[in-house]
Amino acid sequence: MEQLPVKEPVSSGRSVSYTIKAKKLSYSFRSLYDDISFVSCWRSQDRCPKYILKDVNCEARSGEITAIAGPSGAGKTTLLEILGGKISPSKISGKVLINGVPADAKSFRKLSGFVTQDDALFPLLTVEETLMYSGLLRLPGGKKDAKSRVRLLLRELGLDHVAASRIGEGSNNGISGGERRRVSIGVELVHNPAVVLIDEPTSGLDSASALHVLSLLKAMVVKQGKTILLTIHQPGFRILELLDRLLLLSNGFVLHDGSLKLLQDRLKFAGHFIPPHINVLEFAIDVTSSLVIQTPDSFRNQILLKNQEHIQESERDNNMSCIFQLNRREEHKPVTSPNSHSEEILILGERFFKNIFRTKQLFFTRIIQAFFTGIILGTIFINVATDQGNLALQARIGFFAFSLTFLLSSTTEGLPIFLQERRIFMRETSRGAYRVSSYVISNTLIFVPFLLIIAFVYATPVYWLVGLRRNADGFLYFSLVVWMVILMSNSFTACFSALVPNFIMGTSVISGLMGSFFLFSGYFISKENIPSYWVFMHYLSLFKYPYECFMINQYGGNEGRKKCIQSQGGECKMYGDGFLKQQGLKESQKWSNLAVMLGFIIGYRLLCFLILWFRCYRTRK
């Protein structure tokens, strides 16, 4: 059993406090079908917009834990996302006020911390590394300040004993669920936000772990004056005692907004008897139909019950009014990125390197796969390049085609890793941790040397066993083409991993396009015989350009003019340069094709950047 924290959080001396208010907040969900068929809305009420939240008024204050509770489907998470700036203000009606002024969602996302229900963490990083990289990306003071902050945060969250343990995933020898939840909270607390929003902090945890997490949050509220807003389903007695304010939702309406004591009085006023073995909130959720939706009129009807709390709230508002005026000056200061572009690239690059090196199936397995595939393929086509005749020529061309098929299809196995990173990327960029361009550039730069190693490991055995041009220039050019092919495939996979919603869709799209590229490469059918309306696919094919490079490298140059590839009766019928002319290839394409391949690499990375940027822009706006 995990022990409750005994050390108090270190106070940062924060002077800025924040109060969040929602006024007449409404939010409706409309599907794509609803948007298209709005004309027929009168035919069926089901096709009209369905309100998830309706006329919600609520408040979360500094120095308090405000909990949003209610049955499943009540709109708890939606309300939290709206208050946290994750849902575009253009999609909602009503107002969200921060210290009495309309919220600037972009600035507020950077100043606050938002912990999602699922723990999106890198499983191969340690607890300390996870918090450290978050600190480096979100704190402006550099590594020294980040290290000091992380050391304090580890003590504050009670994670000292697992600081060197990897996060893990599922039953993968990682940390416990409660510890993983605290790491997720720590990632959002590392820049010491004044406002923390947490979606279901106790979800999936046992009672001791859940109480541990809430006790930590309560300590932060008391010692640091943070504003903490969270959603919760059915907490136990001890957790309820830690909550300062309770917002009860049902079907998008507010049934209660106030203290737990007031909720108990309202239930008694409605004629309910609360059994001793059931807590107040659990009982209230069971009898939500008997509670009156809170409106100005219903408040007047219960003036006797709310009179005392109303007086206390008014006194607190008067005491904090002068603080709000000071806070507004702080809020409207421009929020800049904590690091420069180059610093972000270095930090993200270091994190990428650790993740790749520790992903054995991506690093060591890929190297072993490339080496043994090169040996096996080389022994199958051994010395075929030294033979002459049509069958030998077809075998050499078949070798080039199979090599490209292997190289272009093997790197798609990185799709799950890209998709996992995308979840973390969306969370980090939504809070302003770094720029989208920094992510794409660092990802590209880290993969360049890693894929170069794979290219040489594959090319070295297969080139000499097959018996291709026996000189250093030919081998280095062959290795360069292999490297460019793998980079093209990696960029292609990264691009579509940013676009597709899941692994199944990604595998289907990538495999289908790779098959189409192979079909239109010129290996099965020449460009002249491809229908005019499909010629564009020939030029977009990732197979075409490296395939031609292999052919030119083998049969071009001075050696190609002397190399006989077909002979009859002791007389040479075709030399290498003649074969290239027959295929419509020129010696100059040896380098121009490499330029086109480089263009594909850069182009797919730019497309990846645009897709990711649009995803981030859409969530922010």
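Residues numbered from 1 in each chain as written. Predicted model: local features only at pLDDT ≥ 70, side-chain atom pairs only at ≥ 80, totals over all residues. Heavy atoms only, no water.

The name given to the protein chain in an unreviewed UniProt entry is ABC transporter domain-containing protein, with the source organism recorded as Heracleum sosnowskyi. According to the UniProt record, the Subcellular location (unreviewed entry) comment for the protein chain reads "Membrane". (UniProt positions renumbered as here; feature names shortened; annotations may be inferred.)

Looking now at the pattern of salt bridges. One pass over the structure, following the stated rule, counts 15 salt bridges. For the salt bridge of Asp-118 with Arg-423, the shortest nitrogen-to-oxygen distance reads 2.7 Å. Linking Asp-118 in the loop between β6 (112-115) and α4 (127-138) with Arg-423 in helix α16 (residues 415-430), this pair joins segments that are 305 residues apart in sequence. The exposure class assigned to Asp-118 is partly exposed, which follows from its relative accessible area of 40%. With relative accessibility at 41%, the residue Arg-423 sits in the partly exposed group. A salt bridge links Arg-245 to Asp-257; its shortest N-O distance comes to 3.3 Å. Within this pair, whereas Arg-245 is found in strand β9 (residues 245-250), its partner Asp-257 is found in strand β10 (residues 253-258), the two being separated by 12 residues in sequence. (Salt bridge = Lys/Arg side-chain N within 4 Å of Asp/Glu carboxyl O. Helix = DSSP H or I, 4+ residues; strand = E, 2+ residues; numbered from the N terminus. Buried < 20%, exposed > 50% of the residue type's maximum accessible area, 1.4 Å probe, protein only.)

Moving on, we get to the sheet that holds strand β2 (residues 50-60). What holds strands together in a sheet is hydrogen bonding between their backbones, with the strands either parallel or antiparallel. On the basis of which strands lie adjacent, the open sheet formed by four strands has the order β2-β1-β4-β5 and antiparallel pairing. Looking at strand neighbours, the two that pair on one side only are β2 and β5 (101-102), the edges of this open sheet. Sheet analysis places strand β1 (residues 20-29) next to β2, joined by seven bridges and oriented antiparallel. When the sheet's bridge partners are listed, Phe-29 is paired in β2 with Lys-50. (Pairing = 2+ DSSP bridges.)

The next point concerns the packing of aromatic side chains. One pass over the structure, following the stated rule, counts 33 aromatic pairs. Relative to Tyr-439, the ring of Phe-352 lies with its centre 5.4 Å away and its plane at 55°, an arrangement referred to as tilted. Residue Phe-352 is located in helix α13 (residues 341-358), and its partner Tyr-439 is located in helix α17 (residues 436-466); the two are separated by 87 residues in the primary sequence. In this pair, the class of Phe-352 matches that of Tyr-439, namely buried. Judged by centre distance (5.0 Å) and plane angle (80°), the ring pair of Tyr-523 and Phe-524 falls under edge-to-face. An aromatic cluster is built from Phe-381, Phe-399, Phe-400, Phe-456, Tyr-463, Trp-464, Phe-475, Phe-478 and Phe-550, whose rings are joined through pairwise contacts. Looking at Lys-544, its charged tip hangs above the ring of Tyr-545, at a distance of 5.1 Å from the centre. Here the guanidinium or amino end of Lys-590 rests over the ring plane of Tyr-477, the centre of that ring lying 4.7 Å away. (Phe/Tyr/Trp six-rings, centres within 6.5 Å; stacked < 30°, edge-to-face > 60°. Lys NZ or Arg CZ within 6 Å of the ring centre and 35° of its normal.)

A cluster of nonpolar side chains, Phe-353, Phe-357, Phe-364, Ile-368, Phe-371, Phe-372, Ile-376 and Ile-380, forms an exposed patch at the surface whose accessible area comes to about 820 Å². Elements that contribute at least two residues to the nonpolar patch include exactly α13 and α14 (364-380). For the nonpolar patch, the element with the most residues is α14, which contributes six residues. On the secondary structure map, Phe-353 appears in helix α13. (Patch = residues over 30% accessible without salt bridge, like charges linked within 9 Å, V, L, I, M, F, W, Y side chains within 5 Å. Areas by Shrake-Rupley, 256 points an atom, 1.4 Å probe, with all protein chains shown as cover.)

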